[in-house]
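# A closer look at the structure
The residues making up each chain are set out below.
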Amino acid sequence: MIQLEASWLERLQAEFEQPYMQSLKQFLRAEKAAGKVIFPPGREMFAAFDHTPVEQVRVVILGQDPYHGPRQAHGLCFSVRPGVALPPSLVNIYKELEQDLGIAPASHGCLTHWADQGVLLLNSVLSVERGDAASHQGKGWEQFTDRAIEIVNRDCEHVVFMLWGSYAQRKGAVIDDQRHCVLRAPHPSPLSAHRGFFGCRHFSQANTYLEQHGRSAVDWQLPAQAGSSA
């Protein structure tokens, strides 16, 4: 039985029967059998879908790979579990959020509050080996998440896509920018944030677009305490 949120399962179920997903499943089983630790654990690989059903998607933020350090990854791109130190890219996201909307940086890095409002926080690759960055690239996840992006593009109306960095921009090339709002900027990592991520004002632009098209704005203010279920 595939454990995936119902609206996504309805649209993605056929993907699990495809040869590339069968190969990915075998790869993950072999890695675990070899004693390798995989992040995030278990069903949390699909947490982005579980928190954000198709009909609720308002914003899509595309990441690349899960964090590969202990206790960091929990299935939402750029997000970390409560009590985990903020990664540098997330620090810069918070800086831009403060410059854009005056929202002071949260003391934690758990973004489930965004996901539960319809912000699909989707990595291109949904698993990684502990301590080995990008180790699960090219195993099939990219094709699966491409399909998810195609579903949002096709089945949703007036969604804001935030494409940060060249990787996300290439992955989002299929998006119909006549039907959706596509915002592009450099990646928020310390290597590139000063090249145009800072000052991009994507958060305010997203809310303006959503409200102009009869959709509710996102409350980007994170709660003082992250939910214990995150």
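For the structure given in this document, a descriptive report is provided here. None of these values were measured; they are calculated from a predicted model. (Residues numbered from 1 in each chain as written. Predicted model: local features only at pLDDT ≥ 70, side-chain atom pairs only at ≥ 80, totals over all residues. Heavy atoms only, no water.)

Turning to the overall build of the chain, a few remarks are in order. Within the chain one finds 8 helices and 6 strands. Mapped in sequence order, the helices and strands of the chain form the string α-α-β-α-β-α-α-β-β-α-β-α-β-α. The C-alpha atoms of the chain give 17 Å as radius of gyration, which agrees with the globular expectation for 230 residues (17 Å, within 12%). The C-alpha extent of the chain, read off along each of the three principal axes, is 50 × 35 × 35 Å. Evaluated residue by residue, the chain yields a buried proportion of 55% over its 230 residues. (Helix = DSSP H or I, 4+ residues; strand = E, 2+ residues; numbered from the N terminus. Rg over C-alpha atoms; globule rule 2.2 N^0.38 Å. Buried < 20%, exposed > 50% of the residue type's maximum accessible area, 1.4 Å probe, protein only.)

Taking 1.5 Å per residue as the helical rise, helix α6 (residues 141–155) with its 15 residues ought to reach 21 Å, and the 21 Å between its terminal C-alpha atoms agrees with that figure. If you check which residues of α6 are buried, you get Trp141, Glu142, Phe144, Thr145, Ala148, Ile149, Ile151, Val152 and Asn153. (Expected span 1.5 Å × (residues − 1).)

This part covers the packing of helix α2 (residues 19–33) against α6. Two elements in contact, α2 and α6, have axes separated by 9 Å at closest approach and are oriented at 130°. Classified by the interaxial angle, the pair formed by α2 and α6 is oblique. Handedness of the α2/α6 crossing: left-handed. Across from Tyr20, Met21, Leu24 and Leu28 in α2, the residues of α6 making contact are Trp141, Gln143 and Phe144. Its residues assigned to classes, the contact of α2 with α6 shows 6 nonpolar, 1 polar and no charged. (Axes fitted to C-alpha atoms, helices over the stretch in contact; angles between N-to-C directions. Parallel < 35°, antiparallel > 145°, perpendicular 65-115°, else oblique. Left-handed = near helix turned anticlockwise from the far one by under 90°. Contact = heavy atoms within 4.5 Å. Nonpolar A, V, L, I, M, F, W, Y, C, P; charged D, E, K, R; others polar.)

Evaluated as defined, the whole model comprises 0 disulfides. Looking at Cys156, it has no disulfide partner, and the nearest cysteine sulfur is the one in Cys181, 15 Å off. Judged by its relative accessible area of 14%, Cys181 is buried. (Disulfide = S-S within 2.5 Å.)

Put simply, helix α4 (residues 88–101) and helix α8 (residues 202–212) touch, their axes get as near as 8 Å, and they point 60° apart. Compared by their axis directions, α4 and α8 come out oblique. Here Ile93, Glu96, Leu97, Asp100 and Leu101 of α4 come into contact with α8, specifically with His202, Phe203 and Ser204. Of the residues assigned to the contact of α4 with α8, the class counts are 4 nonpolar, 2 polar and 2 charged.

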